[in-house]
Amino acid sequence: MPSEESRSEEEARAAERLERAVRAAEQALIEFEIAVETFRVEVENFSRLHHQRLGPMYSRLDELDALIAEAVAARTGDLEDIRKAREARGLVLPMPGVEELFNGWIDSEGLSPEAAAMLTERPVQPPPRVRPSEEARRIYRELARKAHPDLAEEEAERERRGAFIVRVNAAYAAGDVETLRALAEEWAAGPPPPERRASRSEELYARLEWLAERKEMLAAAAAELESSAIGAMIKMAPEDPDRLLDEIAEQLLTQAAEKEARLAELAR
């Protein structure tokens, strides 16, 4: 039978292997979470830009469809054509109210810079970037790897890191490089992470199970993002989503021109 000493050595080696597995799983999870959060920010920003640039064009196409259907119904008098015209008109978004028109234009100090630029015919501030700058992405990744809550086993330290990462995510989503730099300095000057205490094998197994559950949750979130309409569009042109918007805009302009020509024929 193996001696007590040999059993202890074997248990120590097993615990060491388990410890390495936990650390590897932690790092893999953090890298995966960085990728998911980066893609989430890109989807959110691209969605906003898509709405800004193409929303009016989609509205114009809907209006043209309604006008064409109404012209056809007026010409034929057919009940089915009349129904289709009413249906097409119902799809056209109503004109926004005054509050909606001025939403975001007026603040406590009066007109926003964008509103003032439009009213004075000065160039309007360009829409936000589809994605944060390379420097913002670099700082974000470094902070996420250093300060991620998943690296803490004590609840108090996990909460401290979680609150810090919330601020990091907000700055990253806004593409605020200056704030990210300040947060990097704050973390560097803060208290060092507590030293890890020796963990029992049961605790390490529980840790691995928690990491696996967390990865499954992130995988589900990533799949939902990728399956969304905006996510699918970004996947088509991951390096240059602006170009994809330009291509869609050209297609919409072509469709609008075709519908306007059709409407002109019906008006003869």
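Keep in mind that this is a model prediction, so the values were computed, not measured.

(A) Seen up close, the overall build of the protein chain. Along the protein chain, the regular secondary structure elements total ten helices and two strands. Residue burial in the protein chain is summarised as follows: out of 268 residues, 31% are buried. Carbon and sulfur atoms form 56% of the exposed surface of the protein chain, whose accessible area is close to 17,400 Å².

(B) A look at the pattern of salt bridges. In this structure the tally under the stated criterion is 28 salt bridges. We note a salt bridge from glutamate 134 to arginine 137, for which the minimum N-O separation is 3.6 Å. Residue glutamate 134 and its partner arginine 137 are both found in helix H5 (residues 134-147); the two are separated by three residues, about one turn of the helix. On the basis of relative accessibility, which here comes to 58%, the residue glutamate 134 falls in the exposed class. Through salt bridges with shared partners, a single ionic network connects Glu135, Arg138, Glu142, Glu178 and Arg181.

(C) Structural detail: the confidence of the model for the protein chain. Scored by pLDDT, the protein chain has a mean of 79; 79% of the residues are at 70 or more. Ignoring residues within four places in sequence, the model shows residues 98-108, a span with pLDDT below 50, making eight contacts including any to other chains.

(D) The arrangement of the environment of aspartate 78 in detail. Note on placement: aspartate 78 falls in the loop between helix H1 (4-76) and helix H2 (79-91). Given a relative accessible area of 37%, aspartate 78 falls into the partly exposed group. Polar side-chain contacts of aspartate 78 include one of 2.9 Å to the backbone nitrogen of glutamate 80.

(E) Main features of the packing of aromatic side chains. Under the defined criterion, the tally for this structure stands at two aromatic pairs. With a centroid separation of 4.1 Å and 10 degrees between ring planes, the pair formed by tyrosine 140 and tyrosine 172 is classed as stacked. In this pair, tyrosine 140 sits in helix H5 while tyrosine 172 sits in helix H6 (residues 155-173), placing the two residues 32 residues apart along the sequence. When sorted by exposure, tyrosine 140 lands in the same class as tyrosine 172, which is buried. Here the aromatic rings of phenylalanine 164 and tryptophan 187 are separated by 5.1 Å at their centres, their planes lie at 40 degrees, and the arrangement is tilted. Here the residue phenylalanine 164 occupies a position in helix H6, and tryptophan 187 occupies one in helix H7 (residues 177-189), the gap between them amounting to 23 residues. Like phenylalanine 164, the residue tryptophan 187 is buried in the burial classification. A cation sits over an aromatic face here: lysine 215 above phenylalanine 32, 4.9 Å from the ring centre. Over the face of the ring belonging to phenylalanine 39 we find lysine 235, whose NZ or CZ atom lies 5.8 Å from the ring centre.

(F) Up close: helix H10 (residues 241-267). Here H10 is 27 residues long and its end C-alpha atoms lie 39 Å apart, about the 39 Å a rise of 1.5 Å per residue gives. Among the residues of H10, Pro241, Leu244, Leu245, Ile248, Ala249, Leu252, Ala256 and Leu266 are the ones counted as buried.

(G) Molecular detail of the environment of alanine 219. Tracing the backbone shows alanine 219 in helix H8 (residues 201-227). For the pair alanine 219 and glutamate 33, spaced 186 residues apart in the sequence, the C-alpha separation amounts to 9.1 Å.

(H) A look at the nonpolar core. Phe46 and Leu54 are the most contacted members of the largest nonpolar core, which has 21 residues in total. Elements supplying a minimum of two residues to this core: H1, H8, helix H9 (229-236) and H10. No other element matches H1, which puts nine residues into this core. Contact partners of leucine 54, with chain neighbours within four places excluded, come to Leu245, Ile248, Ala249 and Leu252. Judged by nonpolar contacts, the second largest core, of 20 residues, contains Ile30, Tyr140, Ile165 and Val177.

What counts and how
- Residues numbered from 1 in each chain as written.
- Predicted model: local features only at pLDDT ≥ 70, side-chain atom pairs only at ≥ 80, totals over all residues.
- Heavy atoms only, no water.
- Helix = DSSP H or I, 4+ residues; strand = E, 2+ residues; numbered from the N terminus.
- Buried < 20%, exposed > 50% of the residue type's maximum accessible area, 1.4 Å probe, protein only.
- Areas by Shrake-Rupley, 256 points an atom, 1.4 Å probe, with all protein chains shown as cover.
- Salt bridge = Lys/Arg side-chain N within 4 Å of Asp/Glu carboxyl O.
- pLDDT = per-residue confidence, 0-100.
- Contact = heavy atoms within 4.5 Å.
- Polar contact = N/O pair within 3.5 Å; in protein donor to acceptor, adjacent residues only side chain to side chain.
- Phe/Tyr/Trp six-rings, centres within 6.5 Å; stacked < 30°, edge-to-face > 60°.
- Lys NZ or Arg CZ within 6 Å of the ring centre and 35° of its normal.
- Expected span 1.5 Å × (residues − 1).
- Core = buried A, V, L, I, M, F, W, Y, C linked by side-chain atoms within 4.5 Å.

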